[in-house]
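# Descriptive analysis of the structure
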Amino acid sequence: MRNFTGNFTQQEPIPQAGIEAAMRVMQHGRLHRYNVVEGEVAEAVSLELEFAAYVGAKYCLAVASGGYALAAALRAAGLEQGNKVLTNAFTLAPVPGAIANAGGVPVFVEVTQDLVMDLNDLQAKITSSGAQFLMLSHMRGHIVDMDALMAICDASGVLVIEDCAHTMGANWNGVPSGRHGAIGCYSTQTFKHINSGEGGLLVTDNADMMARATMLSGSYMLYESHAAGAPKETFKDISLDTPNCSGRMDNLRAAILRPQLTGLDLQGVKWNERYRRMEMGLRDTVGLRLILRPTEEYYIASSFQFTLPDWDKDKVREVQKRCAARGVELKWFGGDKPTGFTSRHDSWRYVDAQDMPQTDHVLTGLMDMRLPLTFSLDDCDLLAAIIREEVGAVYQADC
Ligand SMILES: *Cc1c(COP(=O)(O)O)cnc(C)c1O
């Protein structure tokens, strides 16, 4: 029995072009985005222009983190203190955290066994809550039928903000993730698709929303330097009415990110090769269900999920333990307490408890694994073989 010895949190190094660009910024010392000399375009501005072009958005703003982008998006879209915000019951802590930060009240929507928002429950919760905002989290890169979701939200006047922390570079039916809703938010934190340690990006075609987000991010009265920003007339009323809640991105991070953005599509192909190797290795494992991926979805699979449907908690825990003993780190969203990066709707105690039976059932059997690009295809074969053996051993012990 071979064990796995790879490191699940080891990302690739920053590309050489990014290291060199970062050195140039450090050598001239102008790290703040508004600190430029005559004729100079700040790295942050160049990144915004390039990212807007990449997703086909009119406007882009670079900020301090993905979570900051989400909270700023809600406020820029007009959320007021105490307003309800629909969101996935299965997502990570920065999502309800951003809603709370913006003064909103999360209303959870069930997820399906394929880990996307349940559109029947969405319709029901729109009706029962009267919420006017949806913060849709493409959790772990799984994209819901966006045409159906937008039809529901448009018909009810619900404004959609997309959390694309796991879908940068992905698309639904050719439309880039983040471009269906009013605002798309992305993260450039180390474990996402491009890595600046911390960082976020926000895109929209709505000039008023972009002007408000820009003021919120802490632009002072320097917003005219935002080449990918809203036209300066847009700021006329907004600039004095919007608080400055500092959350800018600096030129050092932007410099590191620009070459990574250029390489993102190719990285996506590599991630997906690894994902498909995992899928292949686990196909037809008794007791294990793979996640269905619709043909309209072009994903970038930086992580891998499967479920052990209808299994007892103890048995799922046993699989996790046995895999861990062989070097395979599976995260389990069904545990009683959140550990590491996992978290559950019922562990966010600042939100009123909500009954989510369907989501709880899915989470009880849900296993989640990082898939860093430092893993080879052979590594994926070994990972799948180990999971297959251990799932099989625990499953059979049961019969
Ligand atoms: C990481 C993450 C975020 C927020 O990103 P940060 O840059 O860490 O603030 C939002 N949503 C999900 C689902 C995430 O995993």
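Heads up: the structure comes first, above all this text.
Reference entry: report on the structure contained in this document. These figures come from a predicted structure and were not determined experimentally.

Cut-off values and rules
Residues numbered from 1 in each chain as written. Predicted model: local features only at pLDDT ≥ 70, side-chain atom pairs only at ≥ 80, totals over all residues. Heavy atoms only, no water. Pairing = 2+ DSSP bridges. Helix = DSSP H or I, 4+ residues; strand = E, 2+ residues; numbered from the N terminus. Axes fitted to C-alpha atoms, helices over the stretch in contact; angles between N-to-C directions. Contact = heavy atoms within 4.5 Å. 1 Å grid on protein atoms, 1.4 Å probe; cavity = no way out; pocket = protein on both sides within 12 Å on 5 of 7 lines; lining within 4 Å. Points joined across faces, edges and corners; volume = space filled by probe spheres on them. Nonpolar A, V, L, I, M, F, W, Y, C, P; charged D, E, K, R; others polar. Domains from an automatic or database assignment.

Let us now look at the sheet that holds strand E9 (residues 200-204). Overall, mixed pairing links the 7 strands, which are arranged E1-E9-E8-E5-E4-E2-E3 in an open sheet. Unpaired on one side and paired on the other, strand E1 (59-63) and strand E3 (105-109) mark the two borders of the sheet. Direction aside, neighbouring strands of the sheet carry axes that sit 20 degrees apart on average. When strand E5 (residues 159-163) meets strand E8 (residues 183-187), the two strands line up parallel, connected through 3 bridges. Counterpart to Asp-163 in the pairing with E8 is Cys-185. Strands E1, E8 and E9 of the sheet are contacted by helix H2 (residues 43-55), whose axis makes an angle of about 130 degrees with E1. Lying on the sheet, helix H3 (residues 66-76) is in contact with E1, strand E2 (84-88), strand E4 (133-137), E5, E8 and E9; it crosses E8 at an angle near 165 degrees.

With that settled, consider the sheet that holds strand E13 (residues 331-332). With respect to topology, 4 strands assemble into an open sheet ordered E10-E12-E14-E13, the strand pairing being antiparallel. The sheet terminates laterally at strand E10 (289-290) and E13, the two strands that pair on one side only. As defined by bridge partners, E10 adjoins strand E12 (residues 303-307) across 2 bridges and the pair is classed as antiparallel. Bridged to Arg-289 within E12 is Thr-307. Sitting on the sheet, helix H9 (residues 251-282) touches E10, E12 and strand E14 (366-370), and the angle it makes with E12 is about 25 degrees.

Right, let's talk about the layout of surface pockets for a bit. Within this model, the largest pocket holds a volume of roughly 600 Å³. Along its surface, the largest pocket is lined by 36 residues, and Leu-92, Arg-140, His-166, Gln-189 and Lys-192 are the ones closest to its centre. Contributing elements (two or more residues each) for the lining of the largest pocket: H3, helix H4 (94-101) and E14. Here the residues of the lining of the largest pocket are counted per class, giving 14 nonpolar, 15 polar and 7 charged. If you count residues domain by domain, the lining of the largest pocket takes at least three from each of domain 1 (16-262) and domain 2 (264-397). As a volume, the second largest pocket reaches approximately 260 Å³. Surrounding the second largest pocket, 17 residues form its lining, Glu-12, Pro-13, His-193, Gln-260 and Gln-267 being those nearest its centre. Residues belonging to the lining of the second largest pocket are distributed by class as follows: 8 nonpolar, 7 polar and 2 charged.

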